[in-house]
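What follows is each chain in one-letter form.
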Amino acid sequence: MSHDTLPRPVRTDRPPVRPPAGRRRRHWSRRSNPLAGLGSVIWLVIVIVPIYAMISASLTHQDQALGNNALKPPARPTLDNYNTVLHNGFGHFLANTAIVAAAVVVIVLVLCVPLAYVAVRTRSRWSTAAFRLFLLGVAIPAQAVVVPLYLMIAKLNLYDSLLAIILPTAAFAMPVSMLILTGTLRDVSEELYEAMALDGASATRMLFQLVIPMAKGGISTVVIYSALQAWNGFLFPLIFTQSDGPRVLTLGLFNYVSQFGVNIPALLASVVLSGIPVFAVYLVARRALVGGLMGVGGK
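Position labels on residues start from 1 in each chain and follow its written sequence. Since the coordinates come from a predicted model, pLDDT governs what is reported: local features require at least 70, and pairs of side-chain atoms require 80 or more to be given and counted, while whole-chain, interface and lining totals use all residues. Derived side-chain values reflect all non-hydrogen atoms in the structure, with water molecules and hydrogen atoms excluded from consideration.

Enquirer: So what exactly am I meant to see when it comes to the overall build of the protein here?
Expert: Numbered from the N terminus, helices here are DSSP runs of H or I no shorter than four residues, and strands are runs of E no shorter than two. Of the regular secondary structure elements, the protein holds 13 helices and 0 strands. In the protein, the order of α-helices and β-strands from amino to carboxyl end is α-α-α-α-α-α-α-α-α-α-α-α-α. To sort residues, take the accessible area from a 1.4 Å probe on protein chains only and compare it with the maximum for the residue type: under 20% means buried, over 50% means exposed, and anything in between is partly exposed. Burial analysis of the protein (299 residues in total) assigns 31% to the buried set. Contacts: residue pairs with any heavy atoms within 4.5 Å of one another. Taking contacts inside the protein between residues at least 6 apart in sequence as the whole, the part at least 24 apart equals 76%. Computed with the Shrake-Rupley method and a 1.4 Å probe, the accessible areas treat only the protein chains shown as cover for residues. Of the roughly 19100 Å² of accessible surface on the protein, a fraction of 67% belongs to carbon and sulfur atoms.

Enquirer: Sorry if this is basic, but what is going on with the confidence of the model for the protein here?
Expert: Low-pLDDT stretches of the model should not have their predicted coordinates read in fine detail. A score between 0 and 100, pLDDT records how confident the predictor is in each residue. Mean pLDDT over the protein: 81, with 82% of residues reaching 70 or higher. Mean pLDDT across the secondary structure elements of the protein bottoms out at helix α1 (residues 21-31), with 52, and peaks at helix α6 (residues 146-155), with 93.

Enquirer: Would you explain helix α7 (residues 163-185) in this entry?
Expert: Residue pairs three or four apart in sequence face the same way in an α-helix, which turns once every 3.6 residues. A helix's residues, less one, multiplied by 1.5 Å, set its expected span. Spanning 23 residues, α7 covers 30 Å between terminal C-alpha atoms, matching the ideal 33 Å at 1.5 Å per step. Fitting one axis to the seven residues ending at a residue and another to the seven starting there, the bend at that residue is the angle between the two axes. A bend of about 35 degrees at Met174 is the largest found in α7, and the proline Pro175 appears one to four places after it. Burial within α7 is extensive, with 17 of its 23 residues counted as buried.

Enquirer: Is there a simple way to think about the packing of helix α4 (residues 90-121) against helix α9 (residues 203-214) in this case?
Expert: A pair of packed helices is captured by two measures, namely the crossing angle of their axes and the spacing between those axes. To define axes, lines are fitted to C-alpha atoms, for helices over the stretch in contact only, and angles between the resulting N-to-C directions are given on a 0 to 180 degree scale. Packing of α4 against α9 brings their axes to within 11 Å, and their N-to-C directions diverge by 105 degrees. As judged from the angle between their axes, α4 and α9 are roughly perpendicular. Each of Val113, Pro114 and Tyr117 in α4 lies in contact with α9, whose residues at this interface are Ala203, Met206, Leu207, Val211 and Ile212. Note on terminology: angles under 35 degrees are roughly parallel, angles over 145 are roughly antiparallel, angles of 65 to 115 are roughly perpendicular, and the others are oblique.

Enquirer: When you look at the side chain of Ser274 in this model, what are you seeing that I'm missing?
Expert: Relative to the assigned elements, Ser274 resides in helix α13 (residues 264-294). Taking the relative accessible area as the measure of exposure, Ser274 reaches 9% and is therefore buried. Leave out the neighbours within four places in its chain, and Ser274 touches Phe90, Trp231, Leu249 and Leu253.

Enquirer: Which parts of the structure should I look at to understand the nonpolar core?
Expert: Side chains that are nonpolar tend, in soluble globular proteins, to be buried together. Residues belong to one nonpolar core when they are buried, are Ala, Val, Leu, Ile, Met, Phe, Trp, Tyr or Cys, and are joined through side-chain atoms within 4.5 Å. Ranked by internal contacts, the top residues of the largest apolar core, which has 43 residues, are Val100, Val104, Val108, Tyr117, Leu181, Leu185 and Tyr193. When residues of this core are traced back to their parent elements, those giving at least two are α3 (80-86), α4, α7, α8 (190-198), α9, α10 (216-232) and α13. In contact with Val108, other than residues within four places in its own chain, are Val113, Ala170, Ala173, Met174, Ser177, Val222 and Ser226. Membership of the second largest hydrophobic core comes to 8 residues, among which are Ala142, Leu158, Ala164 and Phe236.

Enquirer: Whenever I open this one, the side chain of Thr97 confuses me. Can you help?
Expert: Along the chain, the position of Thr97 falls in helix α4. The buried category is assigned to Thr97, whose relative accessible area is 1%. We define a polar contact as two N or O atoms separated by no more than 3.5 Å, with the added condition that, inside protein, one atom must be a possible hydrogen donor and the other a possible acceptor, whereas residues neighbouring each other in sequence contribute only through side-chain atom pairs. Reaching out from Thr97, the side chain makes a polar contact with the backbone nitrogen of Leu249 at a distance of 2.8 Å. When sequence neighbours within four positions are dropped, the list of residues in contact with Thr97 reads Trp231, Val248 and Leu249.

Enquirer: Even after reading the chapter, I still don't get the environment of Pro114, so can you show me in this structure?
Expert: Inspection of the secondary structure puts Pro114 in helix α4. Look at Pro114 and you get partly exposed, because its relative accessible area is 31%.

Enquirer: What should I look at first to understand the pattern of salt bridges in this one?
Expert: If charged atoms from side chains of opposite charge come close, those side chains can pair. Throughout this description, the term salt bridge denotes a Lys or Arg side-chain nitrogen within 4 Å of a carboxyl oxygen of Asp or Glu. Inspection of every chain in the model, using the stated rule, returns 2 salt bridges. Between Glu190 and Arg121 there is a salt bridge, with the nearest N and O atoms lying 3.1 Å from each other. One end of the pair, Glu190, is in helix α8; the other, Arg121, is in helix α4, and 69 residues separate them in sequence. Residue Arg121 is classed as partly exposed on the basis of its relative accessible area of 27%. Arg247 is the salt-bridge partner of Asp244, the closest N and O atoms lying 3.6 Å from each other.

Enquirer: What should I look at first to understand the packing of aromatic side chains in this one?
Expert: Any pair of aromatic rings gets described here by the distance separating the centres and the angle formed by the planes. Working definition: a ring pair exists when centres of Phe, Tyr or Trp rings (six-membered ring for Trp) sit within 6.5 Å. Plane angles under 30 degrees give stacked, over 60 give edge-to-face, the rest tilted. In this structure the tally under the stated criterion is 3 aromatic pairs. Both rings, one in Phe172 and one in Phe236, keep their centres 5.6 Å apart while their planes meet at 45 degrees; by these two values the pair is tilted. In this pair, Phe172 is assigned in helix α7 and Phe236 in helix α11 (residues 235-240), connecting sequence segments 64 residues apart. By relative accessible area, Phe172 is classed as partly exposed at 24%. The side chain of Arg121 reaches across the aromatic face of Tyr193, ending 3.9 Å from its centre. The rule is short: NZ of Lys or CZ of Arg within 6 Å of the ring centre and within 35 degrees of the ring normal puts a charge over the ring.

Enquirer: Would you take a moment to explain α9 for this structure?
Expert: Here α9 has its buried residues at Met206, Leu207, Leu210 and Val211. Along the axis of α9, the buried positions cluster into a sector of 130 degrees, meaning they face one direction only. Lining the buried residues of α9 we find α4, α7 and α8. Read the arc as the range of directions from the helix axis to the C-beta atoms.

Enquirer: What am I meant to see in unusual backbone geometry here?
Expert: Apart from glycine, the bulk of residues carry a negative phi angle, and the bulk of peptide bonds sit in the trans form. Positive phi outside glycine occurs at Asn157, with the angle close to 60 degrees. Its place among the elements puts Asn157 in the loop between α6 and α7. By relative accessible area, which is 70% here, Asn157 ends up exposed.

Right under this line is the structure:
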């Protein structure tokens, strides 16, 4: 073996290779952002403090509600306010609100999913014009059309019923739902449609076997959005109902002001109870909500 072919010794005493200082600074800045952390803490305090004050006041006796500091824990916590609310029609209001929310979600999904599918797959000028006209509902406030809606509800003999709340609420939830669903469906690959078309699939089969499974994120977002619209609605229950039969939570809370007078702890206890279902739904479906909203713009 010649001297040129002998293996060279491997040096093990070389110092480790370090990235340039600029790269280290950029890497550190991506991993930590003190300003963002400080802003998050401030925002968390802004959100938590009112919730804490509301829960604390709901556990306070009526004679201590106005005299104590709002941030001071109650000296003698009590559940009498929750007992008062639960024995004054809260369960009835909660059941009506759940029925309205479920019906609104069903109506919005049954109508908006096929309409969004047609708007995305149809490439004609008429389809585009109809879709843009449909989205004008986003710019129309409910207060501007409440009088015509009242006349329509009265002529259809739906006044003072749950349908008088369900139908307008679903109608005003549909434009934003269409916007979310069309943005989600535009992300479905064209090759998938072509593959199913080559297999002889009809438009209905594509809708149920391709579009709906691929649009689960957008559909989940629409479900949460329309349910919250129905759960928090106040104008339509106030205008289109009169008796206690079809009364929902928001209007029931409004009635507690006169029913309990200045009984602020009982009113806040009803607010806490009405917010628990919404908070539970948000904890379960928050990822689907964020993911669906991120796809609104489409490609």
